[in-house]
Amino acid sequence: MKYYSTNHSVPEASLSEAVVKGLASDRGLFMPERIERLPAGFFDGIDRMSFHEIAMSVARSFFADDIEPEELDVIVKDTLSFPVPVVRVEDDIYSLELFHGPTLAFKDVGARFMARLSRYFISRGSDHRTVHVLVATSGDTGSAVANGFLGVEGVCVHVLYPKGKVSPIQECQFATLGHNITALEVDGSFDDCQRLVKGAFMDSELTGKLLLTSANSINVARFLPQSFYYFNAYARLKEQGRDEEMVVCVPSGNFGNLTAGLVAHRMGLPVKRFIAANNANDIFLGYLRSGVYAPRQSVATIANAMDVGDPSNFARILDLYGGSHSEISGMISGAAYDDSQIADTMRDCYRRTGYVLDPHGACAYKALREQLRPGEVGVFLETAHPAKFRDTVNTILDTEIAVPERLSAFMKGVKQSVSMTNDQTDFKDYLLTLV
Ligand SMILES: *Cc1c(COP(=O)(O)O)cnc(C)c1O
């Protein structure tokens, strides 16, 4: 399978090239040249398949040309070493719990798949230099990618994060690891971190001297596997006879997760429509309403992994629908909530149902409650465990939520970050010391 750039001004790339480059050299995002519809029989019998079997079928559709079936099977199995249950919260609203992985957020799925795919290509490649993974994070990407790659030979990970803008719990999950993981604490915003990473890939001196790769949600090896669990959500609802008129609501920042859902839909998954839930960073909602995409500086919110002012994957959404605003707004509706609405939602849901939402999932839950129509069944993606935002959640709910063991283990580690300005030349100097 070949991968083209959403800017269409460079030749198509192979899977391994697309994974290593991350971003195409014309600054476009890679897309698979074909998104094949799965046969109707697959959907008829999907409720009798396990998550792993479903994921294998979807994975084969993209990766069978490039990876031997047994190898792909191992990569998928290792990636999905934890459950992804669909939990009923109330009436017609279900939570797709994506937080049962090692770092308690959905990004574990894409990050673990990408780390394993990279190891596969590195071990077969002819270039034996160290691979440097550059990743900008607003919170959860850094921990998922760092833990996905921790201890993988031949790979060093450099995590850029905005100083003071990620929670201490998030920070300890990537800044305490050591070994092949370095955390860079950038004096700036998440958008600055993302700009530094993109700038490094555009710098021919750097790309000539170092083998650089990106692990942001723009990387095809992270974004495509996120489609696996949309199929699983459908299968688990079908098992309960609740698969008619499924509406999926995704709390969105860089829009990688939602785009993976749109890809699943293109492969034939019977989703009636999608809802994109935002925090106060409502650029996408603005686009849906006006047809004009107007990126701007992000603002800080309590759902900080969604604090994105210029969502990278918007380019992929445009590409999937040929740039048609009417098709996009016909398929996806939007919503945006400020911090006090998010907090009210968390309190309200907790009091009525006992279900503890994290601030990201709360945006999606609220959007579903407001927009679900009679006869529809709604699934929202619960993208992180509430304990990742423990102080915020405890204060809002006025309670003391339980912290899972795998999270408290991280909190015992010692922070070992390197300080960095938001200046491109400083970042370049740092990278040149790695040559
Ligand atoms: C990253 C993240 C999001 C946003 O996902 P995108 O794919 O960037 O839209 C939402 N919730 C949580 C908890 C996250 O970590």
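Preceding this section is the structure that the text describes.
Think of each chain on its own: its residues are numbered from 1, step by step along the sequence as written. Given that this is a predicted model, residues contribute local features only at a pLDDT of at least 70 and side-chain atom pairs are listed and counted only at 80 or more, while totals for whole chains, interfaces and linings are drawn from all residues. In computing side-chain values, all of the structure's heavy atoms are included and hydrogens and water are not.

### Some thoughts on the overall build of the protein
Here a strand is any run of E in DSSP of at least two residues, a helix any run of H or I of at least four, and the numbering for each starts at the N terminus. Check the secondary structure of the protein and you find 20 helices and 13 strands. A radius of gyration in this sense is built from C-alpha atoms; the matching globule rule multiplies 2.2 Å by the number of residues raised to 0.38. Its C-alpha atoms give the protein a radius of gyration of 20 Å, within 12% of the compact-globule value 22 Å for 435 residues. With respect to the three principal axes, the spread of C-alpha positions in the protein is 60 × 50 × 45 Å. Out of the 435 residues in the protein, the part that is buried amounts to 62%. Contacts are residue-level and defined by heavy atoms, with any inter-residue pair within 4.5 Å sufficient. Long-range pairs, those at least 24 residues apart, make up 75% of the contacts in the protein with a sequence separation of at least 6. For the protein, the exposed surface amounts to about 16,000 Å²; the carbon and sulfur share of it is 49%. Burial status follows relative accessibility: with a 1.4 Å probe on protein chains alone, a residue under 20% of its type maximum counts as buried, one over 50% as exposed, and anything between as partly exposed. For the area figures, the Shrake-Rupley method with a 1.4 Å probe applies, and any residue is considered shielded solely by the protein chains shown.

### Thoughts on the sheet that holds strand β4 (residues 93-97)
We treat two strands as partners when DSSP finds at least two bridges between them. Judged by pairing direction, the sheet is mixed, and its six strands sit side by side in the order β3-β4-β12-β9-β10-β11 without closing on themselves. At either end of the open sheet lies a strand with only one pairing partner, and these are β3 (86-90) and β11 (332-336). Neighbour-to-neighbour, the strand axes of this sheet turn through a mean angle of 25 degrees, independent of strand direction. Note: strand β9 (residues 246-251) against strand β10 (residues 271-278), six bridges, orientation parallel. When the sheet's bridge partners are listed, Val-247 is paired in β10 with Arg-273. Helix α11 (residues 228-239) rests against β3, β4, β9, β10 and β12 (377-382) of the sheet, and its axis sits at about 140 degrees to β9. For every element, the axis is a line fit to its C-alpha atoms; helices are fit only across the contacting stretch, and the angle between N-to-C directions ranges from 0 to 180 degrees. Helix α12 (residues 256-266) contacts β9, β10, β11 and β12 of the sheet and is inclined by roughly 175 degrees relative to β10.

### Notes on the nonpolar core
Among the buried residues, those of types Ala, Val, Leu, Ile, Met, Phe, Trp, Tyr and Cys that are joined through side-chain atoms within 4.5 Å form a nonpolar core. Phe-63, Tyr-229, Tyr-230, Phe-231, Phe-284, Ile-332 and Phe-380 are the most contacted members of the largest nonpolar core, which has 140 residues in total. Beyond its immediate sequence surroundings of up to four residues, Phe-231 is in contact with Leu-38, Phe-42, Phe-43, Ile-46, Ile-54, Val-58, Ala-264, Met-267 and Leu-269. Counting residues in each nonpolar core, the second largest holds 19 residues, with Leu-134, Val-186, Leu-196 and Leu-212 among its members.

### Quick look at the site of the ligand
What makes a residue near a molecule or strand is one non-hydrogen atom of that residue sitting within 4 Å of it. Near the ligand there are 15 residues, and of these Lys-107, Asp-140, Gly-253, Phe-255 and Thr-383 occur at the shortest range. Between the ligand and Gly-253, the relevant distance is 2.8 Å, taken from an oxygen atom to a main-chain nitrogen or oxygen of the residue. Between a nitrogen atom of the ligand and a side-chain N or O atom of Thr-383, the distance comes to 2.8 Å. Isolated, the ligand exposes 380 Å² of accessible area, and the fraction of that covered by the protein chains is 97%. We place a 1 Å grid over just the protein atoms. Points where a 1.4 Å probe fits but has no way out form a cavity, open points with protein on both sides within 12 Å along at least 5 of 7 lines form a pocket, and any residue with an atom within 4 Å of a point lines it. Molecule-in-pocket calls rest on the fraction of atoms, with more than half required to lie within 2 Å of the cavity or pocket grid points. A molecule is said to occupy a pocket when more than half its atoms come within 2 Å of that pocket's grid points, and by this definition the ligand occupies the largest cavity. As used in this structure description, the phrase polar contact means that two N or O atoms lie within 3.5 Å; if the pair is within protein, one of them must be able to donate a hydrogen and the other to accept it, and residues adjacent in sequence are counted only when both atoms belong to side chains.

### Brief notes about empty space enclosed by the protein
Grid points are joined across faces, edges and corners, and a volume is the space filled by probe spheres set on the points. For the structure shown, the criterion picks out two cavities of 30 Å³ or more. Considering only enclosed or pocket space, the largest cavity measures out at about 260 Å³ in volume. Residue assignment for the lining of the largest cavity shows that the elements contributing at least two residues are α6 (140-149), α8 (190-202) and α12. Each pocket or cavity is described by its volume, and for the second largest cavity that value is around 40 Å³. Lining the second largest cavity, in full, are Ser-252, Gly-253, Phe-255, Asn-278, Asn-281, Ile-283, Phe-284, Val-308 and Pro-311.

### Description of the side chain of Thr-259
With respect to the helices and strands, Thr-259 occurs in helix α12. A distance of 2.5 Å separates the side chain of Thr-259 from the backbone oxygen of Phe-255, its partner in a polar contact. Apart from the residues within four sequence positions on either side, Thr-259 is in contact with Phe-223, Asn-313, Arg-316, Ile-317 and Leu-320.

### Digging into the layout of surface pockets
Approximately 370 Å³ is the volume attributed to the largest pocket. Along its surface, the largest pocket is lined by 20 residues, and Lys-198, Tyr-293, Asp-310, Pro-311 and Ser-312 are the ones closest to its centre. Counting only elements with at least two residues in the lining of the largest pocket, the list comes to α8 and α14 (314-320). No other element matches α8, which puts four residues into the lining of the largest pocket. Residues are grouped as follows: Ala, Val, Leu, Ile, Met, Phe, Trp, Tyr, Cys and Pro are nonpolar; Asp, Glu, Lys and Arg are charged; all remaining types, including Gly, are polar. Split into classes, the residues belonging to the lining of the largest pocket amount to eight nonpolar, six polar and six charged.

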